[in-house]
Amino acid sequence: DRRAWLRHLPFLLARGHTCLVFDFRGHGCSDKGDGFSGTSLGLTEMEDTIHAVKWAKKCMSSFSISLVGTSTGGSAAILAVSEDEATQKAV
């Protein structure tokens, strides 16, 4: 749930970081879509991470990108970097 990260934003923003905080599909405040709710143990979360990185790179091409996550978010970040060449180049 992205709301868990809101407490960290003042620290990151004060140090000049631009942050994109999002919920994976079926998590937190996101649209549940096709009735999906819960975790896929990193598979759909990896896809969501890859799409988020591509979107960020498109919209904020002059920024470097770092991925930060805990639990499923950390797993999704690792999987995204290991599975997607564009994400590897962006991070």
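Residues numbered from 1 in each chain as written. Predicted model: local features only at pLDDT ≥ 70, side-chain atom pairs only at ≥ 80, totals over all residues. Heavy atoms only, no water.

**Points about a nonpolar patch on the surface**
Among the surface-exposed residues, L20, F22 and W55 lie close enough to one another that they form a single nonpolar patch of about 290 Å² accessible area. Examined against the element boundaries, F22 turns out to sit in the loop between α1 (9-14) and α2 (43-59). (Patch = residues over 30% accessible without salt bridge, like charges linked within 9 Å, V, L, I, M, F, W, Y side chains within 5 Å. Areas by Shrake-Rupley, 256 points an atom, 1.4 Å probe, with all protein chains shown as cover. Salt bridge = Lys/Arg side-chain N within 4 Å of Asp/Glu carboxyl O. Helix = DSSP H or I, 4+ residues; strand = E, 2+ residues; numbered from the N terminus.)

**Quick notes on the packing of aromatic side chains**
Per the stated rule, a full pass over the model turns up 1 aromatic pair. Where F22 meets F24, the ring centres are 5.4 Å apart and the plane angle is 90°; that geometry is what we call edge-to-face. Accessibility expressed as a relative area gives 13% for F24, which makes it buried. (Phe/Tyr/Trp six-rings, centres within 6.5 Å; stacked < 30°, edge-to-face > 60°. Buried < 20%, exposed > 50% of the residue type's maximum accessible area, 1.4 Å probe, protein only.)

**Some points on helix α3 (residues 72-83)**
With 12 residues, α3 ought to run about 16 Å at 1.5 Å a step, and its terminal C-alpha atoms sit 16 Å apart, in line with that. Every buried residue of α3 is listed here: G73, G74, A76, A77 and A80. Along the long axis of α3, the arc covered by the buried residues comes to 160°, so they all point the same way. Exposed side chains of α3 directed beyond 90 degrees from the buried face belong to I78 and E83. (Expected span 1.5 Å × (residues − 1). Arc of directions from axis to C-beta.)

**A few points about the side chain of S30**
Relative to the elements of secondary structure, S30 occurs in the loop between α1 and α2. Among the polar contacts made by the side chain of S30, one reaches the main-chain carbonyl oxygen of F24 at a distance of 2.8 Å. From its side chain, S30 meets the backbone nitrogen of G26 in a polar contact 2.9 Å long. With sequence-adjacent residues up to four places away left out, S30 is seen in contact with D23, F24 and R25. (Polar contact = N/O pair within 3.5 Å; in protein donor to acceptor, adjacent residues only side chain to side chain. Contact = heavy atoms within 4.5 Å.)

**Some remarks on the state of the cysteines**
Counted under the stated rule, the structure contains 0 disulfides. You can see C19 has no disulfide; the closest cysteine sulfur is in C59, sitting 16 Å from it. A residue is classified by how much of its surface remains accessible, and C19, at 31% relative accessible area, is partly exposed. Residue classification places C59 among the partly exposed residues on the basis of a relative accessible area of 44%. (Disulfide = S-S within 2.5 Å.)

**Some points on the pattern of salt bridges**
Per the stated rule, a full pass over the model turns up 4 salt bridges. Among the ionic pairs, E47 bridges to R25, the shortest N-O distance being 3.0 Å. Remark: R25 occurs in the loop between α1 and α2 and E47 occurs in helix α2; sequence separation between them is 22 residues. Taking relative accessible area as the criterion, E47 reaches 37% and is therefore assigned partly exposed. With a shortest N-O distance of 2.8 Å, R25 and D48 are connected by a salt bridge. You can see R25 sitting in the loop between α1 and α2 and its partner D48 sitting in helix α2, a full 23 residues away along the chain. The buried category is assigned to D48, whose relative accessible area is 14%.

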